[in-house]
Amino acid sequence: MAQQEEVFKKLVSHCKEYGYVFPSSEIYDGLAAVYDYGQMGVELKNNIKKYWWDSMVLLHENVVGLDSAIFMHPTVWKASGHVDAFNDPLIDNKDSKKRYRADVLIEEHLAKYDEKIEKEVQKAARRFGESFDEQMFRETNPRVLETRQKRDEIHARFTKALNDNNLEELRQIIIDCEIVCPISGTRNWTEVRQFNLMFSTEMGSTADGAMKVFLRPETAQGIFVNFLNVQKTSRLKIPFGIAQIGKAFRNEIVARQFIFRMREFEQMEMQFFVSPGEELKWFEHWKAFRMKWHQALGFGAEKYRFHDHDKLAHYANAASDIEFEMPFGFKEVEGIHSRTDFDLSQHEKYSGKKLQYFDPEQNRSYIPYVVETSIGVDRMFLSILAATYCEETLEGGEVRALLKLPPALAPVKLAILPLVRKDGLPGKAREIMNELKFSFACQYDEKDSIGKRYRRQDAIGTPFCATIDHQTLEDNTVTIRYRDTMAQERVTIDSLQQVIAEKTDLKYLLKQLTR
Ligand code: GAP
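Residues numbered from 1 in each chain as written. Predicted model: local features only at pLDDT ≥ 70, side-chain atom pairs only at ≥ 80, totals over all residues. Heavy atoms only, no water.

## As for the overall build of the chain
- The helix and strand inventory of the chain stands at 18 helices and 23 strands.
- For 515 residues, the compact-globule estimate of 2.2 N^0.38 gives 24 Å, and the chain sits close to it at 26 Å.
- Across its three principal axes, the chain shows a C-alpha extent of roughly 75 × 65 × 55 Å.
- Long-range pairs, those at least 24 residues apart, make up 65% of the contacts in the chain with a sequence separation of at least 6.
- Each charge class in the chain can be summarised by its mean position, and for the 72 positive and 78 negative side chains these summaries are 2 Å apart. (Helix = DSSP H or I, 4+ residues; strand = E, 2+ residues; numbered from the N terminus. Rg over C-alpha atoms; globule rule 2.2 N^0.38 Å. Contact = heavy atoms within 4.5 Å. Lys, Arg positive; Asp, Glu negative; His and termini not counted. Charge placed at Lys NZ, Arg CZ, Asp CG, Glu CD.)

Below, the structure written as structure tokens:
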């Protein structure tokens, strides 16, 4: 884990050094849990969003887009339950004055039991070698059984406390488990309190007329309140979906781990409206599709897992997360939720407007059920960087840092590099650049030695470099240098556009989703 933490620290500084992510308002010492995306970051983010948008909207005839406003009528958040129930349980350590989420403290404690079991298994596997029967060991080893029993007991208490909203019991679990504050090392805890995560501001100029409005904590509600507008104007029939990408805001108590938990972030959400009773079938369908979307990136199936929720949100009858193995463990990147007819029913009740769909096949009106897929752009961004950042020691001892980004997502697809800054090579390189820049993102670079330029491109994740040398002037060929293998190949200038487009076009990634 210590080694992983080291890698994570390096990744964070790499992001800053190469224009991916900067702390917000850095010259004023930053603003906690708020970040800005630099010249490379914004391109990667845009490519992630395009991959998501095209996979949901372009590939599905019955999914359409929407861009609703961040500000919404305050009653929306009363109806959705966010005013009353969008809370986190927080606890303070009286000695360090640090604030924690009580549920996170307990979850981290539970994870330690899992780690202990895994260590026992690994130790035994080394001891017994080929004859090791892992399943038998897990089912019979007394130390493993004892650890699992303790873990399960705490887990059962924890789940019950969450479901009952029992804050005293959450505190009692922290006391009973002897959980200490990582800063002060003490167990001097306050009571557990609920804390609402929505940011609010005022709309309107006069004190009398000003109205308290919230910055949306999820984009989904903009979809719900527009459900009939979209359905009627598009004439879509159930089942159909509405997709949206946009900013969301949460006043997170514990903002940690770089861009993993931010106070301002971006979501890509899709609400899929179905006939009542069909929702669990569609829930499974979207779970499978979304996992395929992640795995198509080629980082390895073992990096992902589903995590079914112990505590269902107030609106859900099934929920599962797609977790990715971050440098700090498996963490949620996306949630798939079967939200029943909760949201539409609530909006019908609070607005007094009918939000029903007339189903011509069933010849009746009903409030549709909803299956939602909800993924954070920033978490997706972090998972991609974590999966692709690496360091390699080259012959001669030089270390190169690189991002092995999937070519379709890389901010720059092709770097165009004249070997030297003379003999007409820059002019030829510019000519190629001016032709190719209409097809994909290119970067021209003539400064420093060719080796240094390759390193710079490796560091920002450019999958291909085209080098223009003296032979280019003679036979109109260039070398393509591959980022991951560093292999080089000579191709004609005429074929360059097609060769690079074939390797970087998003459509090849999208095609994997339809197989
Ligand atoms: N509409 C459902 C919803 O908002 P959620 O599980 O609270 O569900 C969905 O959030 C996704 O949004 C998460 O899986 C995560 O990727 C992202 N997300 C949530 N809170 C975030 C935060 N504070 N910072 C970054 N991403 C966040």
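That was the structure; now back to the text.
## Points about the packing of helix 5 (residues 102-128) against helix 7 (residues 142-164)
- Relative to each other, helix 5 and helix 7 sit at 160 degrees, their axes nearing to 10 Å. Taken together, the axes of helix 5 and helix 7 are roughly antiparallel relative to one another. For helix 5 against helix 7, the interelement crossing comes out left-handed. On helix 7, the residues touching Asp103, Ile106, Glu107, His109, Leu110, Tyr113, Asp114, Lys116, Ile117 and Glu120 of helix 5 are Arg143, Val144, Thr147, Arg148, Lys150, Arg151, Ile154, His155, Phe158 and Leu162.
- A per-class count over the contact of helix 5 with helix 7 returns eight nonpolar, three polar and nine charged. (Axes fitted to C-alpha atoms, helices over the stretch in contact; angles between N-to-C directions. Parallel < 35°, antiparallel > 145°, perpendicular 65-115°, else oblique. Left-handed = near helix turned anticlockwise from the far one by under 90°. Nonpolar A, V, L, I, M, F, W, Y, C, P; charged D, E, K, R; others polar.)

## Topic: the sheet that holds strand 6 (residues 193-196)
- Spatially, three strands are ordered 5-4-6 in an open sheet, and the strand pairing comes out antiparallel. Each end of this open sheet is capped by a strand with a single partner; those strands are strand 5 (99-101) and strand 6. Looking at each pair of strands side by side, their axes are set apart by 45 degrees on average, direction ignored.
- Direction of pairing for strand 4 (residues 87-92) relative to strand 5: antiparallel, over a ladder of three bridges. (Pairing = 2+ DSSP bridges.)

## Description of the site of the ligand
- Around the ligand there are 20 residues in total, and Glu218, Glu252, Glu269, Glu332 and Val333 lie nearest to it.
- In this structure, a nitrogen atom belonging to the ligand sits 2.6 Å away from a side-chain N or O atom of Glu218.
- With respect to the ligand, the backbone of Met262 contributes an N or O atom lying 2.8 Å from a nitrogen atom.
- Only strand 10 (264-274), strand 13 (329-340) and strand 16 (369-376) provide two or more residues apiece to the shell around the ligand.
- The leading source of residues in the shell around the ligand is strand 13, at six residues. (Near = heavy atom within 4 Å. Polar contact = N/O pair within 3.5 Å; in protein donor to acceptor, adjacent residues only side chain to side chain.)

## As for the pattern of salt bridges
- Tallied over the entire structure, the rule returns 41 salt bridges.
- As a salt-bridge pair, Arg143 and Glu120 come within 3.2 Å of each other at their nearest N and O atoms. Within this pair, whereas Arg143 is found in helix 7, its partner Glu120 is found in helix 5, the two being separated by 23 residues in sequence.
- Arg143 gets classed as partly exposed once you look at its relative accessible area, which sits at 44%.
- A relative accessible area of 12% places Glu120 in the buried class.
- Asp308 serves as the salt-bridge partner of Lys287, at 3.8 Å between the closest nitrogen and oxygen. Of the two residues, Lys287 sits in helix 11 (residues 279-295) while Asp308 sits in strand 11 (residues 304-308), which places them 21 residues apart along the sequence.
- Ionic contacts of the salt-bridge type, sharing partners, join the residues Glu392, Glu398, Arg400, Lys404, Arg455, Asp458 and Arg481 into one network. (Salt bridge = Lys/Arg side-chain N within 4 Å of Asp/Glu carboxyl O. Buried < 20%, exposed > 50% of the residue type's maximum accessible area, 1.4 Å probe, protein only.)

## Considerations on the packing of aromatic side chains
- What the rule picks out here adds up to 21 aromatic pairs.
- When the centroid spacing of 4.9 Å and the interplanar angle of 80 degrees are considered together, the rings of Tyr37 and Phe381 count as edge-to-face. On the criterion of sequence distance, the pair formed by Tyr37 in strand 2 (residues 35-37) and Phe381 in helix 13 (residues 377-388) is long-range, its members being 344 residues apart. Pair check on accessibility: Tyr37 and Phe381 agree, each one buried.
- Each ring, one from Tyr51 and one from Trp293, has its centre 4.5 Å from the other, and the planes form 15 degrees; the classification is stacked. You can see Tyr51 sitting in helix 2 (residues 39-58) and its partner Trp293 sitting in helix 11, a full 242 residues away along the chain.
- For Tyr51, a relative accessible area of 1% puts it in the buried group. (Phe/Tyr/Trp six-rings, centres within 6.5 Å; stacked < 30°, edge-to-face > 60°.)

## Topic: the side chain of Thr373
- The topology assignment puts Thr373 in strand 16.
- Ignoring any residue separated from it by four or fewer positions in sequence, one finds Thr373 in contact with Met56, Met268, Glu269, Met270, Trp286, Arg290, Glu334, Gly335 and Ile336.

## Some points on the environment of Gln194
- Mapped onto the elements, Gln194 comes out in strand 6.
- Gln194 sits 27 residues away from Leu167 along the chain, and the two C-alpha atoms are 8.3 Å apart.
- For Gln194, the residues in contact, after removing those within four places along its chain, are Asn87, Asp88, Pro89, Asn165 and Leu167.
- Within the structure, Gln194 has its side chain in polar contact with the side chain of Asn165 (distance 2.9 Å).

## Some thoughts on the sheet that holds strand 11
- Spatial strand order, 3-9-10-16-13-12-11: seven strands in an open sheet with mixed pairing. Bordering the open sheet on either side are strand 3 (63-66) and strand 11, each of which pairs with just one other strand. If you compare each strand with its neighbour and ignore which way they point, the axes differ by 25 degrees on average.
- Examined bridge by bridge, strand 13 and strand 16 share six bridges and lie antiparallel to one another. In the sheet register, Ile336 faces strand 16, and the bridge partner there is Thr373.
- Here helix 13 sits on the sheet in contact with strand 10, strand 12 (318-326), strand 13 and strand 16, set at roughly 50 degrees to strand 16.

Limitation: the analysis is restricted to geometry and does not speak to function.
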